[in-house]
Amino acid sequence: MIACQALLAGVFVIALAGKVRGRAALDEFVASIVALGMFSRARSVVAAYAVLGAEAVVILALVLPYALLLGFVAATALLIVLTAGISAALRRGRHTPCRCFGASVTPLGRTHVVRNLVLVAVGCIGFAAGAAAGGAGSAVHPAGVALALAAAAVGALIVVRLDDLIGLFATSVSPR
C-alpha cells in the first residue's frame with residue numbers, strides 16, 4: 001500500500017509541478033488540451049485548469065492518512081478520465097504532444113494509454129490494500145517502508161521519463 005501511495009503521489013506531484021513550473025509550461029499545457037479538440041477553446045481552458053485542480057486534490061488526499069482511501073479513488077478516477085480523453089483524441093487522429101509532465105514533445109499514443117492503465121491498476125491495488133488494512137494502514141517495519149519508498153521512486157521515475165526511455169531503446173538499424 002505504501003509503495004502504491006508513494007508512486008501515485010510522486011507521479012502526480014511531478015505532473016503538477018511540471019505544468020505549473022512557469023508561465024510558459026502552463027501555457028503549453030493549456031495549449032495541448034486545446035489542441036486535443038475535445039471541447040471549444042474556452043471549455044478546453046477550463047478543462048486544463050480542472051486537471052490541475054484535480055491533481056492537487058489527489059496529491060493532498062494521498063498524503064493525508066485519514067483521506068488515503070479517498071486519495072486512491074480520486075487518483076484512479078482522474079487517471080480513468082485522462083485515459084478516456086487520450087483514447088478519444090487518438091480515435092479522432094489527434095496526436096498532440098503529451099504535456100502530462102510538462103515538458104515532453106512526444107505525441108500522444110498508445111504508450112500513454114497503457115501507462116495510465118498501469119497507474120489505474122496501482123490505484124486499485126493501493127485501495128484494496130488500504131481497505132484490507134483498515135484505511136490508514138497498520139504497523140509497518142521501517143525497512144519495509146524504505147523498500148516501498150525506493151520501489152515507488154524508481155517506478156515514478158520510469159513513469160515520468162517513459163517517453164525518453166522508449167526513445168532511448170527504440171533504435172533504428174540502417175542497412176549497410
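Counting restarts for each chain, with residues numbered from 1 along the sequence as it is written. This being a predicted model, a pLDDT of at least 70 is required before a residue's local features are given, and a value of 80 or more before pairs of side-chain atoms are given or counted; all residues contribute to the totals for chains, interfaces and linings. The side-chain numbers reported here are obtained from all heavy atoms of the structure, hydrogens and water having been left aside.

Caption draft 1: Structural context of the overall build of the protein. Across its full length, the protein holds seven helices and zero strands. Every helix listed is a DSSP run of H or I at least four residues long, and every strand listed is a run of E at least two residues long, numbered separately from the N terminus. Counting from the amino terminus, helix and strand elements in the protein follow one another as α-α-α-α-α-α-α. Just to be clear, the radius of gyration here is over C-alpha atoms, and the globule rule we use is 2.2 Å times residues to the power 0.38. Computed over its C-alpha atoms, the radius of gyration of the protein comes to 17 Å, within 12% of the 16 Å expected for a compact globule of 176 residues. For the protein, the spread of C-alpha atoms along the principal axes amounts to about 55 × 50 × 30 Å. Between buried and exposed lies partly exposed: a residue is buried under 20% and exposed over 50% of the maximum accessible area for its type, with that area taken using a 1.4 Å probe on protein chains only. Residues counted as buried form 39% of the 176 residues belonging to the protein. Throughout, a contact is declared for two residues whenever any of their heavy atoms are within 4.5 Å. Within the protein, residue pairs in contact and separated by at least 24 positions form 69% of the contacts whose partners lie at least 6 positions apart. As presented, the protein carries roughly 9600 Å² of accessible surface, and 72% of it is formed by carbon and sulfur atoms. Here the open area of atoms and residues is found with the Shrake-Rupley method and a 1.4 Å probe, where only the protein chains shown may cover a residue.

Caption draft 2: Looking closely at the nonpolar core. As used in this record, nonpolar core signifies buried Ala, Val, Leu, Ile, Met, Phe, Trp, Tyr and Cys residues forming a set joined through side-chain atoms within 4.5 Å. With 40 residues, the main nonpolar core has L7, L8, V11, F12, L62, F101 and L119 as its most contacted residues. When residues of this core are traced back to their parent elements, those giving at least two are α1 (2-20), α2 (23-35), α3 (41-63), α4 (68-91), α5 (110-133) and α6 (142-160). For L7, the contacting residues outside a window of four places in its chain are L119, V122, A152, G155 and A156.

Caption draft 3: Local environment of the packing of α1 against α5. Closest axis-to-axis distance for the α1/α5 pair is 9 Å, and the angle between their directions is 140°. Taken as axis vectors, α1 and α5 run oblique relative to one another. Here the hand of the crossing between α1 and α5 comes out left-handed. Between α1 and α5, the contacting residues are C4, L7, L8 and V11 on the first element and L119, V122, G123, I125 and G126 on the second. Three classes are used: nonpolar for Ala, Val, Leu, Ile, Met, Phe, Trp, Tyr, Cys and Pro, charged for Asp, Glu, Lys and Arg, and polar for all others, with Gly counted as polar. Across the contact of α1 with α5, the residue classes break down as seven nonpolar, two polar and no charged. Angles shown run from 0 to 180 degrees and are taken between the N-to-C directions of axes, each axis being a line fitted to C-alpha atoms and, for helices, limited to the stretch in contact. In what follows, roughly perpendicular refers to angles from 65 to 115 degrees, roughly parallel to angles under 35, roughly antiparallel to angles over 145, and oblique to any angle outside these ranges. Left-handed describes a crossing whose near helix is turned anticlockwise from the far helix by less than a right angle; the clockwise case is right-handed.

Caption draft 4: Structural view of the layout of surface pockets. Cavity and pocket criteria rest on a 1 Å grid covering protein atoms alone: a 1.4 Å probe that fits but cannot get out defines a cavity, protein on both sides within 12 Å along at least 5 of 7 lines defines an open pocket, and an atom within 4 Å of a point defines a lining residue. Grid points are joined across faces, edges and corners, and a volume is the space filled by probe spheres set on the points. In this structure, the largest pocket encloses a volume near 520 Å³. Lining the largest pocket are 31 residues, and of these I33, L36, V51, L82 and I86 sit closest to its centre. Looking at the lining of the largest pocket, the element that brings in the most residues is α4, giving six residues. Residue classes in the lining of the largest pocket are distributed as 23 nonpolar, four polar and four charged.

No statement about biological role is implied by the geometric values presented.
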